[in-house]
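Below, each chain spelled out in residue letters.
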Amino acid sequence: MSDIEAVWSASPVDAAAMFGLGAYFRNLLTDSEHLVSVPVTPVVYQDSTFRFGGALDAPRATVWSEFCELVNRVPTQPTWAPPSTVHLWGIYGEVLGADLARSTLTPEEHQRYDTAVAYLYDTGPDGVFVPSPALRDYRTARQTWLQADTDYHQAEQTATMSTDPAARDHWTHVDEPRLRQARDDAMDAWQTAGHKAEVEDALRETSELASKAPSSIWKRHRDTFNPNLPDQYTTAPNGTRFAPTYYSPDGALDDPWSRVVLSDDMLRTLAAQAPAELKSAFGDRATDDTVFSLAFEYRVVSVVRPWLDPPMELFASRAWRLSSGVAPLSDGATPPHGRCPSYVESVALARNVELIRQAVGYTQTPGETTLHGTWTLDFDNGIAGGDMNTADLWWEWMTETTAQLVPSSHAGIVNLGQVDYDAFDGHRLSTLTYGSTPLTGNPNAGNQLVTGDVFAVRTTEGRFAKVQVVQYGYDLQLRWVAYQQATSAMQSTVTGPDDVFLAGFVCRQLPKSPDPDPALSW
């Protein structure tokens, strides 16, 4: 058993469900500034240990350290497969040690900068900068608005993908006005209690003046946390070091979560829209036609790094540069590439994941025969040479060098080629697309029916047969198994009530970084 197979055999969630979650969040949360990285194997914690407030016992401290290590890896796209050897705090340490432009702030600009910083940050008892009450209120209100905006778009997306007129009508007349009002109320709260205009003015002021005073900004970050000093890290129970990182709001597990129900049609639409690389990573699980529906609760939480606040103040600044020959963090392309083209800004959590499948049972009828040239074959009864009106195939020889395998008018055929014959069962055969085009059997380079070739047949009576050419010739030696649906039932699987899945990592893309401004004094 491979490592991935071992993970799935012990997993509390089905692989098809994991793909559905990832494809859904990627579609919902991707925008011009963000990409979503999807785990191919489950990342799951227990509710009781995925809480990082207050004094932590050993199990919660262990989970906290794992979370900190995980969300500070440099993400990969579109699947989550980042190396465990590179972390954001290491990249941050490089930036703190970069060459800086000289300060050119005027006294008046310096006063403006200090005023803006004083509004945004306080100095804690240990002398470290911490967010001011206004900035904390801003972030809390912003998170509430982001959740309301996400809820609005997910309901809109679900209604748009639905083929049910009643669902679309319910969105237009019930959900849309309700969720729009909730989003508007969240915006009002952000603008008032969240000091939106004031905080954003201060952030804009510090951003605009940052390039003129990089040394002051870099000093503030070093005073808060310097990743180049080992004693500033936190130590996990297993002895590893990490930079403390949290999710916000910290009470997200106890707040109401939104619920989504995806029908089989919606899942097929999401699968069609997913990147080829993502579908390839999940293989057949990405297009599992036995899935009837997928339902789950979700919440999107922000990743909070007190030691890197805010990240873009450094990464987007044009007042620093790396030493000659050092590879850039991001080339600023779409999508960006480099040693750190993005970082995890938020995480989509999911719980109570319910997958409903239509389980179909098939009876199997194996057979072998020699199909003589110009004869017919019926897979429903295994008889060769019968009436073409009831048979499934005709092995037609037109001349000594031209032959073809022709399906009857009520049957269908598809050539599969040199594939694993045993890998096809009744369900997989039922998902194939069958046609009326004959298979070429000419005894030359164009022959499709070479020894070992596998093809499938939909019979006149509705069975599905996999067929392999055992020996090619005027007389074809064939073996087959015909499948007939015998049972059909709905089967539901639900994850444990305490399982919390990290179903999507929402990654902020970096602009070109570094991008030193030649107009500055260096």
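Refer to the preceding data block for the structure.
Being a predicted model, the structure only gives us computed values, none of them experimental. (Residues numbered from 1 in each chain as written. Predicted model: local features only at pLDDT ≥ 70, side-chain atom pairs only at ≥ 80, totals over all residues. Heavy atoms only, no water.)

Right, let's get into the overall build of the chain. A count of helical and extended segments in the chain gives 13 helices and 22 strands. Computed over C-alpha atoms, the radius of gyration of the chain comes to 30 Å, more than 25% over the 24 Å expected from 2.2 N^0.38 for 522 residues, which places it beyond the range of a compact globule. Along the first, second and third principal axes, the C-alpha set of the chain runs to 100 × 55 × 45 Å. Across the 522 residues that make up the chain, the buried fraction comes to 48%. (Helix = DSSP H or I, 4+ residues; strand = E, 2+ residues; numbered from the N terminus. Rg over C-alpha atoms; globule rule 2.2 N^0.38 Å. Buried < 20%, exposed > 50% of the residue type's maximum accessible area, 1.4 Å probe, protein only.)

On to the nonpolar core. A general tendency of soluble globular proteins is for nonpolar side chains to be buried together. Of all hydrophobic cores here, the largest spans 69 residues; its most connected members are Phe50, Phe315, Val347, Leu349, Leu502 and Phe505. Not counting the four nearest positions on each side in its chain, Leu502 is found in contact with Met18, Pro39, Val43, Tyr45, Phe50, Phe67, Leu70, Val347, Ala348 and Leu349. In terms of nonpolar packing, the next biggest core, distinct from the first, is built from 37 residues, Phe25, Leu29, Val40 and Tyr298 among them. (Core = buried A, V, L, I, M, F, W, Y, C linked by side-chain atoms within 4.5 Å. Contact = heavy atoms within 4.5 Å.)

Now for helix H7 (residues 165–191). Counted at 1.5 Å a residue, the expected span for H7 with its 27 residues is 39 Å, and the 37 Å between its end C-alpha atoms agrees. If you look at H7, its biggest bend is around 45 degrees, right at Trp171. Among all positions of H7, only Trp171, Asp175, Glu176, Leu179, Arg183, Ala186 and Trp190 are buried. Residues of H7 that are buried in the fold lie against helix H6 (133–161) and helix H8 (196–210). Near the N-terminus of H7, the side chain that reaches the backbone nitrogen of Ala166, with its oxygen 3.0 Å away, is that of Asp164. (Expected span 1.5 Å × (residues − 1). Bend = angle between axes of the 7 residues up to and from the residue. Polar contact = N/O pair within 3.5 Å; in protein donor to acceptor, adjacent residues only side chain to side chain.)

Going through the model one piece at a time under the given rule, you end up with 0 disulfides. For the unlinked cysteine Cys68, the closest cysteine sulfur is that of Cys507, found at 17 Å. Free of any disulfide, Cys340 has its nearest cysteine sulfur in Cys507, 10 Å distant. Classification of Cys340 as buried rests on a relative accessible area of 0%. (Disulfide = S-S within 2.5 Å.)

Before going further, it helps to examine the environment of Ser430. When you line up the elements, Ser430 lands in helix H13 (residues 426–430). Taking the relative accessible area as the measure of exposure, Ser430 reaches 29% and is therefore partly exposed. Counting along the chain gives 54 residues from Ser430 to Gln484, while the straight-line C-alpha distance between them is 10.0 Å. The contact partners of Ser430, leaving out residues within four places of it in the chain, are Tyr362 and Phe464. Within the structure, the side chain of Ser430 is placed 2.5 Å from the backbone oxygen of His427, a separation counted as a polar contact.

Tracing the backbone through its elements, the reader meets Thr206 in helix H8. Here Leu203 takes part through its backbone oxygen, which lies 2.8 Å from a polar atom of the side chain of Thr206. Not counting residues up to four positions away in its chain, the partners in contact with Thr206 are Tyr113, Ala116, Val117, Leu120 and Glu313.

Looking now at the pairing of strand E15 (residues 393–397). Buried residues dominate E15, accounting for 4 of its 5 residues. Bridging between strand E13 (residues 376–378) and E15 involves 2 bridges; their strand directions are antiparallel. Its bridge partner lying in E15, Leu377 is registered against Leu393. As judged from the 5 bridges shared by E15 and strand E16 (residues 403–407), these two strands associate in the antiparallel manner. When the sheet's bridge partners are listed, Leu393 is paired in E16 with Pro407. Counted along the chain from E15 to the antiparallel partner E16, the turn is 5 residues long. (Pairing = 2+ DSSP bridges.)

A few words now on the pattern of salt bridges. All told, the structure shown has 26 salt bridges when counted by the stated rule. Of the charged contacts, one joins Asp264 and Arg268 as a salt bridge, the two residues approaching to 3.7 Å between their closest N and O atoms. One end of the pair, Asp264, and the other, Arg268, are both in helix H10 (residues 264–273), 4 residues apart, so they sit about a helical turn from each other. The class for Arg268 is partly exposed, based on a relative accessible area of 42%. Measuring nitrogen to oxygen at the nearest pair gives 3.4 Å for the salt bridge that ties Arg508 to Glu345. Highlighted residues: Arg508 in strand E22 (residues 499–509) and Glu345 in strand E12 (residues 342–371), separated in sequence by 163 residues. Residue Arg508 is classed as buried on the basis of its relative accessible area of 18%. Residues joined by salt bridges that share partners form a network here, namely Asp47, Arg51 and Asp254. (Salt bridge = Lys/Arg side-chain N within 4 Å of Asp/Glu carboxyl O.)

Quick look at unusual backbone geometry now. Geometrically, the link from Gln77 to Pro78 is a cis peptide bond, its omega value of -10 degrees lying close to zero. Relative to the helices and strands, Pro78 is located in the loop between helix H3 (58–71) and helix H4 (88–96). For the peptide bond that leads from Thr334 to Pro335, omega is -5 degrees, which places it in the cis range. A positive phi angle, near 50 degrees, is found at His195, a position not held by glycine. Position of His195 relative to the elements: it lies in the loop between H7 and H8.

For the rest of this paragraph, the subject is the packing of aromatic side chains. Using the criterion set out here, one finds 30 aromatic pairs in the structure. Summarising the aromatic geometry, the rings of Trp64 and Phe242 are spaced 5.1 Å apart at their centres and angled 85 degrees between planes, so their arrangement reads as edge-to-face. Here the residue Trp64 occupies a position in helix H3, and Phe242 occupies one in strand E7 (residues 241–242), the gap between them amounting to 178 residues. The buried category is assigned to Phe242, whose relative accessible area is 3%. Put simply, the rings of Tyr45, Phe50, Phe52, Phe67 and Tyr247 touch in pairs and so form one group of aromatic residues. The ring of Trp190 is capped by Lys196, whose NZ or CZ atom sits 4.8 Å from the centre of that ring. (Phe/Tyr/Trp six-rings, centres within 6.5 Å; stacked < 30°, edge-to-face > 60°. Lys NZ or Arg CZ within 6 Å of the ring centre and 35° of its normal.)

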